[in-house]
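# Chains, contacts and geometry: an overview
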Amino acid sequence: MHPLQCVLQTQRWGPLASVSWLLLRTCRAHSNVPSTACPSLERQQEDGVRKDFSSRLASGPTFQHFLRSASAPQEKPDMEDPPPYLTVDELLGRQRKVYLETYGCQMNVNDTEIAWSILQKSGYLRTRNLQEADVILLVTCSIREKAEQTIWNRLHQLKALKTKRLRSRVPLRIGILGCMAERLKEEILNREKMVDILAGPDAYRDLPRLLAVAESGQQAANVLLSLDETYADVMPVQTSPSATSAFVSIMRGCDNMCSYCIVPFTRGRERSRPVASILEEVRKLSEQGLKEVTLLGQNVNSFRDSSEVQFNNAVSTNLSRGFSTNYKPKQGGLRFAHLLDQVSRVDPEMRIRFTSPHPKDFPDEVLQLIHERDNICKQIHLPAQSGSSRVLEAMRRGYSREAYVELIHHIRESIPGVSLSSDFIAGFCGETEDDHLQTVSLLREVQYNMGFLFAYSMRQKTRAYHRLKDDVPEEVKLRRLEELITVFREEATKANMASVGCTQLVLVEGVSKRSATDLCGRNDGNLKVIFPDVEMEDVNNSEVKVRAQPGDYVLVKITSTSSQTLKGHVLCRTTLKDSSAYC
Ligand code: 5AD
Ligand code: SF4
């Protein structure tokens, strides 16, 4: 048998088609596990297991097995039904301790909880102490070069942990999960021999199998992308039980193919989770006392649950005026407005947010709902990326500056007092000084409350990599980025100044990091609000004085602001229902 048992598969979808892998390879020579007998009994037993495993591996798995497990819809690995070369016992965690480290976006935070939920069910334990870990899993991000560099640096540190590991302990296993596993595939295994497993964003159900293979000193990888995996039935484990808010993943993947972006390649096609399973998760979170839910997805407002046949009519969706897509119009399914309506009805005391949306998917139904419903936060993230129509076209964003500005006006008319934020990229391919100044002028014109600004980082595989030239020198990118940050801050400070003198509803999160005598929370627009921790009245019982606790709603009179924080003094404890619009 060839030491590299590997099946290459082309993905099951058209223009994005890249190669997906399900890879299992023997690499004893690279493993840090010595092949000589080990002193401890556990080691000897492990060697026995490994030999037995290797002989079973030699007689399987077959080519057909891999093809079968990758057929659409993807077969979900099942503990009751292990692959032919593993026993049910080998799939169990046997109390091995897992240390999880998360990098990148909120989606990765949620994915970490999903991965942990799967491993916990398999009998793994979680540790927050790196030194006592038997398995270290990094949930990674590929969006910019810098994000990946952080992981390579971290792997070098972890290498030391692995080599210094006492022989009396089970060998340390290291895994790369998420976007970087998907983007680099076997390059990671070749570059860093101490990496034992790779699992792409759609392969977390396979973690017990991958770790079982790694137990025997083999490297193992599953980087198959799926058309239907939403982890709908995996309830993520809330990592911080005292938290007031949680993230609920409602869709995965992206079909937009903006020319600079790696996400469609690392996270695959857009697919939405069934509405019923989302509502069930939100209800559970409400029962646990959580006061805020953020609906998550790469294109959260492109949500389209097509799982219920009766809603799959032929009506195609309204896009925001002046916006177009890079893909054929989609039809039918339950859309974001429906989901938002249902989610906001679960618990009127629970705040609802969503991120990250695309500006093209803001039909009037969605705006109307945000305006009408008290518990849907009046906060919209509207990633512009650039203020120049020429650059927007090169980015394949599907709108011009004019259409974007018109949408901003429409949103502000529909939702008075709405708080707006955006993402911008400085120094995209071909960006001239004039294009850059147009971005500066958009920042001035819109006056965002929050902003996320990045220097362009060229990513392989993307359309920009193949068709455009990364021709803005690094120092120019950084200078433009600095200029955007300065302008954003000036404008946000002005925008936030409008809050001074207003009374705002704040959801208390806990003690302020800067001062133990202050509390901190978030207003409806998601800005941080700091106020002294003092006794106050409760609106429903003026007889007693109370101190605000995490999860309480309080009214705060704003007295000062900066570009990122508001300060004020607390007036009373209240409920979301009792607090009508202030200011
Ligand atoms: N370089 C810089 N920023 C990027 N983003 C996405 N891809 C790149 C890239 N190649 C930014 C966009 C996006 C945010 C999540 O990250 O602004 O909205
Ligand atoms: Fe990337 Fe564009 Fe999709 Fe956002 S919408 S994830 S920027 S391709």
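Note that this is a predicted model, so its numbers are computed, not measured. (Residues numbered from 1 in each chain as written. Chains lettered and ligands numbered in written order. Predicted model: local features only at pLDDT ≥ 70, side-chain atom pairs only at ≥ 80, totals over all residues. Heavy atoms only, no water.)

### Some words on the overall build of the protein chain
What the protein chain contains, in helices and strands, is 16 helices and 25 strands. Classification of the 583 residues of the protein chain by burial places 56% in the buried group. In the protein chain, the share of contacts with a sequence separation of at least 24, taken over all contacts with a separation of at least 6, comes to 73%. (Helix = DSSP H or I, 4+ residues; strand = E, 2+ residues; numbered from the N terminus. Buried < 20%, exposed > 50% of the residue type's maximum accessible area, 1.4 Å probe, protein only. Contact = heavy atoms within 4.5 Å.)

### As for the confidence of the model for the protein chain
Per-residue pLDDT for the protein chain has a mean of 86; in total, 83% of the residues score no lower than 70. Note on residues 1–45: pLDDT is under 50 here. Beyond four places in sequence and across chains, it has 116 contacts. With pLDDT under 50 throughout, residues 61–75 is counted as low confidence; its partners more than four residues away or in other chains account for 28 contacts. (pLDDT = per-residue confidence, 0-100.)

### Quick notes on unusual backbone geometry
Apart from glycine, the bulk of residues carry a negative phi angle, and the bulk of peptide bonds sit in the trans form. In this model, T355 is joined to S356 through a cis peptide bond whose omega is 5°. As for its placement among the helices and strands, S356 is situated in the loop between β15 (351–355) and α11 (364–372). Notably, Q95 is not glycine yet its phi reads approximately 60°, a positive angle. With respect to the helices and strands, Q95 occurs in the loop between α2 (63–69) and β3 (97–102).

### Re the packing of helix α14 (residues 433–446) against helix α16 (residues 474–497)
It is the contact of α14 with α16, at a shortest axis distance of 9 Å, that shows an interaxial angle of 15°. Here α14 lies roughly parallel to α16, going by the angle between them. With respect to the hand of their crossing, α14 and α16 are arranged in right-handed fashion. Each of E433, H436, T439, V440, L443 and R444 in α14 lies in contact with α16, whose residues at this interface are R479, R480, E483, L484, V487, F488, E490 and E491. Among the residues forming the contact of α14 with α16, the class breakdown is five nonpolar, two polar and seven charged. (Axes fitted to C-alpha atoms, helices over the stretch in contact; angles between N-to-C directions. Parallel < 35°, antiparallel > 145°, perpendicular 65-115°, else oblique. Left-handed = near helix turned anticlockwise from the far one by under 90°. Nonpolar A, V, L, I, M, F, W, Y, C, P; charged D, E, K, R; others polar.)

### Looking at the site of ligand 1
Within the structure, ligand 1 sits among I143, R144, Y260, Q385, D423, I425, F454, A455, Y456, S457 and R459. Q385 is positioned with one of its side-chain polar atoms (N or O) 2.7 Å from an oxygen atom of ligand 1. Here a nitrogen atom of ligand 1 sits 2.8 Å away from a polar atom, N or O, in the main chain of S457. Compared with its free state, where it exposes 400 Å², ligand 1 has 86% of that area covered by protein. For the shell around ligand 1, the per-class residue count stands at six nonpolar, two polar and three charged. (Near = heavy atom within 4 Å. Polar contact = N/O pair within 3.5 Å; in protein donor to acceptor, adjacent residues only side chain to side chain. Areas by Shrake-Rupley, 256 points an atom, 1.4 Å probe, with all protein chains shown as cover.)

### Side note on the sheet that holds strand β16 (residues 379–381)
Working definition: the strands of a sheet are paired by backbone hydrogen bonds and lie parallel or antiparallel to each other. Taken in spatial order, the three strands line up as β16-β17-β18 in an open sheet, and their pairing is parallel. Taken across any chain shown, the strands that pair with only one partner, and hence form the sheet edges, are β16 and β18 (450–455). Going from strand to strand, the sheet's axes swing by 10° on average, the running direction of each strand aside. (Pairing = 2+ DSSP bridges.)

### As for the pattern of salt bridges
Taken as a whole, this structure holds 44 salt bridges when the rule is applied. Where D233 meets R205, a salt bridge forms, and the shortest distance between an N and an O atom there is 2.7 Å. With a gap of 28 residues between them, D233 in the loop between β8 (219–222) and β9 (245–249) and R205 in the loop between β7 (197–199) and α7 (207–215) connect regions that are remote in the sequence. Residue classification places D233 among the exposed positions, given a relative accessible area of 56%. Given a relative accessible area of 14%, R205 falls into the buried group. (Salt bridge = Lys/Arg side-chain N within 4 Å of Asp/Glu carboxyl O.)

### Digging into the site of ligand 2
Taken together, C254, N256, M257, C258, Y260, C261, V263, P264, N299, H358 and R397 form the complete shell of residues around ligand 2. Per-class residue counts for the shell around ligand 2 are seven nonpolar, three polar and one charged.

### Quick word on helix α3 (residues 106–121)
Along its 16 residues, α3 runs 23 Å from first to last C-alpha, staying within 8% of the 22 Å computed at 1.5 Å per residue. The buried count for α3 comes to twelve of 16 residues, which makes it a mostly enclosed element. The complete set of buried residues in α3 reads M107, N108, N110, D111, T112, E113, I114, A115, W116, S117, I118 and L119. At the C-terminal side of α3, G123 shows a positive phi close to 95°. (Expected span 1.5 Å × (residues − 1).)

### As for the side chain of D202
With respect to the helices, strands and loops of the structure, D202 is situated in the loop between β7 and α7. Only 3.0 Å separates the side chain of D202 from the side chain of R271, close enough to count as a polar contact.

### Some words on the sheet that holds β15
Here three strands make up an open sheet; going across it, the order is β9-β12-β15 and the pairing parallel. The open sheet has two edge strands with one neighbour each: β9 and β15. Strand-to-strand, the axes of this sheet are offset by a mean angle of 25°, without reference to chain direction. Packed on one face of the sheet, α3 meets β9 and β12 (292–296) and runs near 90° to β9. Seen against the sheet, helix α9 (residues 275–287) touches β9 and β12 and runs at an angle of roughly 170° to β9.

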